[in-house]
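# Fold and contact review
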Amino acid sequence: MGKGAGLTEDEDVRAMLRGSRLCKIRSRTWHKERLYRLQEDGLSVWFQRRIPRAPSQHIFFVQHIEAVREGHQSEGLRRFGGAFPPARCLTIAFKGRRKNLDLAAATPEEAQRWVRGLAKLRARLDAMSQRERLDHWIHSYLHRADSNQDSKMSFKEIKSLLRMVNVDMNDMYAYRLFKECDHSNNERLEGAEIEEFLRRLLKRPELEEIFHRYSGEDRVLSAPELLEFLEDQGEDGATLARAQQLIHTYELNETAKQHELMTLDGFMMYLLSPEGAALDPAHTCVFQDMDQPLSHYFISSSHNTYLTDSQIGGPSSTEAYVRAFAQGCRCVELDCWEGPGGEPVIYHGHTLTSKILFRDVVQAVRDHAFTLSPYPVILSLENHCGLEQQAVMARHLRAILGDVLVTQALDSQNPEELPSPEQLKGRVLVKGKKLPAARSEDGRILSDQEEEDEEEEEAEATEQRRRAKQISPELSALAVYCCATRLRTLRPNPVPPQPCQVSSLSERKAKKLIREAGNSFVRHNTRQLTRVYPLGLRMNSANYSPQEMWNSGCQLVALNFQTPGYEMDLNAGRFLINGQCGYILKPACLRQPDTTFDPECPGPPRTTLTIQVLTAQQLPKLNTEKPNSIVDPLVRVEIHGVPADCARKETNYVLNNGFNPRWGQTLQFQLRAPELVLVRFVVEDYDTTSPNDFVGQFTLPLNSLKQGYRHIHLLSKDGASLSPATLFVHIRIQRF
């Protein structure tokens, strides 16, 4: 971490660089003291293990941290941290599947140092430009490749550096580059020579070519020349003032900046910044109309939210709810069963999953539901409790959530109309069964309104079934806008819609409706909410493609957030825009009550998407422990939309180069319903004998994809940034 980073001066960061002995807490009896120390790069933390492992198993990266919480703010510390005062405790939560790190420091001051220090390091990482990340990335490798730590690099050390950064350069070429930079002629590169070697290594000939196309002879871009580039890129609002502003933001050379000129370095900085990315920056904040009824939005929804990993027999945890909210989820599932001592519990019925208290989950909802998004949260109750514990559930919901809970219609004049996300900001809705008006006093068995319990096991005892058919008036009263009902048939004749009724369908039943009822189902979903959930038969929490359900306007397409894969990539891509608030306005053809849209018959092609896959940069090594394994990358572009639009095309593979592979191949797609399309860019490691290995991906809606030369910033399997790994493409969208 260069002195210029300004953080080596910081007291907290300096203490972290020296290291701290922190107590790691895993259970009531497992408390172990370990040394934790910030690495010089300021990007990773080294920690001691009882049994030494491979070097990569001894560090965690700052960029993989989801949140740092003070005090007893995790399930682990609430259960096992009793011996340690909250002021000395902190929890580091990670993106993806890595377990929380629950720690206790020797003093409250030391705990605060780590909390503050990590916050500063995360803020710095967010502010770092792609170019600085690249420098850091290279320098951290340099440090590792310099085996004798003499700050000089022999050819052998340079070769090992190249392998670390995923380049298999032939010896002759590598040695030639080495000698060209070895001005002191002593078979060692040092100081400026190393910098020059890296600069040559990081050269981007394809960017230089584009730059020179616009800069002409003088090899610098004037503001009018940059404007010409912006116009060719199809940038909205391309003006001379905009070009001047970009020069002031991204140009590194002060003299050039004063003369309103952009050098190649500044041009590269711009193209690697969020403004040069494939995702439209204007779509990253809330930009859609949030004043329409709830049924007009896709709503990010989770299934079996309480499970922490993909095994149905795995542990249940309130942490799984916190993690789902951190991923933008707005509809979570609570599977409620009778618990001991009159307290309802949540777990996966009839399995060996551990149980958590219903009230602890409601507490987690209160504490974490609105940290990322202000828009409403829906609690989908799957209720297996008798009348007494149902009444306890209703009491907990009212007591813990207070005014946040919606207990009556917002508009008493039109209680049947669904409010908008804007009207419901900061509120929690309960989705559950409702007693018919006439029977609401005694809570006896419901009429045929009753929906069979969603994933009821056939073997379930009749007694259990009889009790599940009863509903307590206290709990019934809390289902205001989301009354669970059974979708019997879709009648095309005009039946008055009942906006406050929500039907839940398994993926199989939803697919059947899409096939058989096409447009009627789309119309139904313009007025009412539909929740779709994965089949319960799968013991490994497998997902289904959510796209099929979105095509028909289903709003609550519930996925197992704990299972990574292309299905969750699509979900993340769908909800990536609009400030990641968990609500996306459906296209007009899925909102108009008299729409004629049918996803099975979308009409003729209206849009051509042409993607030139040019190059990639710094793809991660898949096997960090094997120094000689280098990737053979290929790029696949997938279109997810109505069935007629779904397609996948890929490039050839490039042998042994993950550092700067070049393809220069064009992939083209014809689209019939572009407003529903998600585009997924996938990089894989080609393998002749077995399935290709996943390297990275990025998914986004076609309507948020910018045209022209763009960088795509790749993500890992669990959605963490793979920075500085990028894909460089040219995009053209022709609408006709």
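Above this note sits the structure.
Treat the numbers as computed from the prediction; the structure is a model and nothing was measured.

## A short note on the nonpolar core
If you look at the biggest cluster of nonpolar residues, it comprises 93 residues, and the most contacted ones within it are Leu-334, Leu-397, Leu-609, Val-679 and Leu-705. Viewed by domain, this core spans two of them, domain 4 (294–435 + 464–590) and domain 5 (607–735), each represented by three or more residues. Other than its neighbours up to four places away in sequence, Leu-334 contacts Tyr-321, Ile-346, Phe-358, Val-361, Leu-379, Ser-380, Leu-381 and Glu-382. Among the nonpolar cores identified, the runner-up in size contains 25 residues, and Met-16, Phe-47, Leu-103 and Met-128 belong to it.

## Structural notes on the pattern of salt bridges
Summed over all chains, the structure comprises 31 salt bridges. Between Asp-12 and Arg-116 there is a salt bridge, and its shortest N-O distance comes to 2.9 Å. Here Asp-12, found in helix H1 (residues 11–18), pairs with Arg-116, found in helix H3 (residues 108–127); they are 104 residues apart in sequence, far enough to count as distant. Taking the relative accessible area as the measure of exposure, Asp-12 reaches 4% and is therefore buried. Overall, Arg-116 belongs to the partly exposed group, its relative accessible area being 38%. The shortest N-O distance in the salt bridge between Glu-507 and Lys-511 comes to 3.9 Å. Remark: Lys-511 and Glu-507 occur in helix H18 (residues 507–527); sequence separation between them is 4 residues, near one turn of the helix. Each of Asp-569, Arg-636, Glu-638, Arg-648, Glu-650, Arg-680 and Glu-684 takes part in one network of salt bridges that share partners.

## So, the environment of Gly-76
Checked against the element boundaries, Gly-76 lands in helix H2 (residues 75–80). Excluding its chain neighbours within four sequence positions, the residues that come into contact with Gly-76 are Gly-81 and Asp-102.

Conventions adopted
Residues numbered from 1 in each chain as written. Predicted model: local features only at pLDDT ≥ 70, side-chain atom pairs only at ≥ 80, totals over all residues. Heavy atoms only, no water. Core = buried A, V, L, I, M, F, W, Y, C linked by side-chain atoms within 4.5 Å. Buried < 20%, exposed > 50% of the residue type's maximum accessible area, 1.4 Å probe, protein only. Domains from an automatic or database assignment. Contact = heavy atoms within 4.5 Å. Salt bridge = Lys/Arg side-chain N within 4 Å of Asp/Glu carboxyl O. Helix = DSSP H or I, 4+ residues; strand = E, 2+ residues; numbered from the N terminus.

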